[in-house]
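Close look at the chain arrangement
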Amino acid sequence: MPTGTARAARMSKKEMEKYRRLLHEKKNALTAELAKTRDAEEETTEEATQDIADKAVSSYTREFLYSLTDAERSTLLQIDEALARIEEATYGSCQNCGLPMSEKRLNAVPWAPHCVDCQELAEKGLLEA
Ligand SMILES: [Zn+2]
């Protein structure tokens with residue numbers, strides 16, 4: 001952890017609220033879209049999957065998560081993590097190097113855990129976690 005608590009106050013409460021709203025909107029949109037896809041799939045495969053239908057309903061949440069692609073799942077996770085950082089008032093700093101992230105980046109990808117430089121490292125597999 002290269003950062004102290006001093007940096008936490010960098011972003012104003014008003015700004016945090018803006019990003020919180022953006023994150024919730026994205027999360028709702030993503031969840032709704034996925035639920036819709038799932039419903040459509042269920043309609044077409046209803047007959048074939050009748051046997052396991054009871055089981056599927058009881059583990060709906062887990063099934064739902066399994067039905068997500070890796071990208072969708074990780075976006076949802078990152079959104080939750082970003083919302084948690086807003087709660088902790090640490091939102092807006094890169095999770096790797098601790099530097100403040102640009103407004104441009106946060107507006108484009110409000111749930112991004114890393115600044116552009118660190119994201120590049122992460123995509124090359126050079127970042128841990
Ligand atoms: Zn960074």
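Notes on the structure in this doc start here. (Residues numbered from 1 in each chain as written. Predicted model: local features only at pLDDT ≥ 70, side-chain atom pairs only at ≥ 80, totals over all residues. Heavy atoms only, no water.)

Counted by the stated rule, this structure contains one aromatic pair. For the ring pair Y19 and Y91, a centre distance of 5.5 Å and an interplane angle of 45° mean the geometry is tilted. Taken together, the residues Y19 in helix α1 (residues 13-45) and Y91 in the loop between α4 (70-87) and α5 (103-108) connect sequence positions 72 residues apart. According to the relative accessible area criterion, Y19 is buried, its value standing at 1%. For Y91, a relative accessible area of 3% puts it in the buried group. (Phe/Tyr/Trp six-rings, centres within 6.5 Å; stacked < 30°, edge-to-face > 60°. Helix = DSSP H or I, 4+ residues; strand = E, 2+ residues; numbered from the N terminus. Buried < 20%, exposed > 50% of the residue type's maximum accessible area, 1.4 Å probe, protein only.)

Within the protein, the zinc ion binds to C94 (SG), C97 (SG), C115 (SG) and C118 (SG); these donor distances fall in the range 2.3 Å. Here the zinc ion binds four donor atoms, and the angle range of 105 to 114° at the metal identifies the geometry as tetrahedral. One chain supplies every donor to the zinc ion, and in sequence these donors are spaced C-x2-C-x17-C-x2-C. Taking relative accessible area as the criterion, C97 reaches 27% and is therefore assigned partly exposed. (Donors = N, O, S within 2.8 Å, 3.2 Å for Na, K, Ca; no water. Tetrahedral: all angles 85-135°; square planar, octahedral: opposite > 155°, others 65-115°.)

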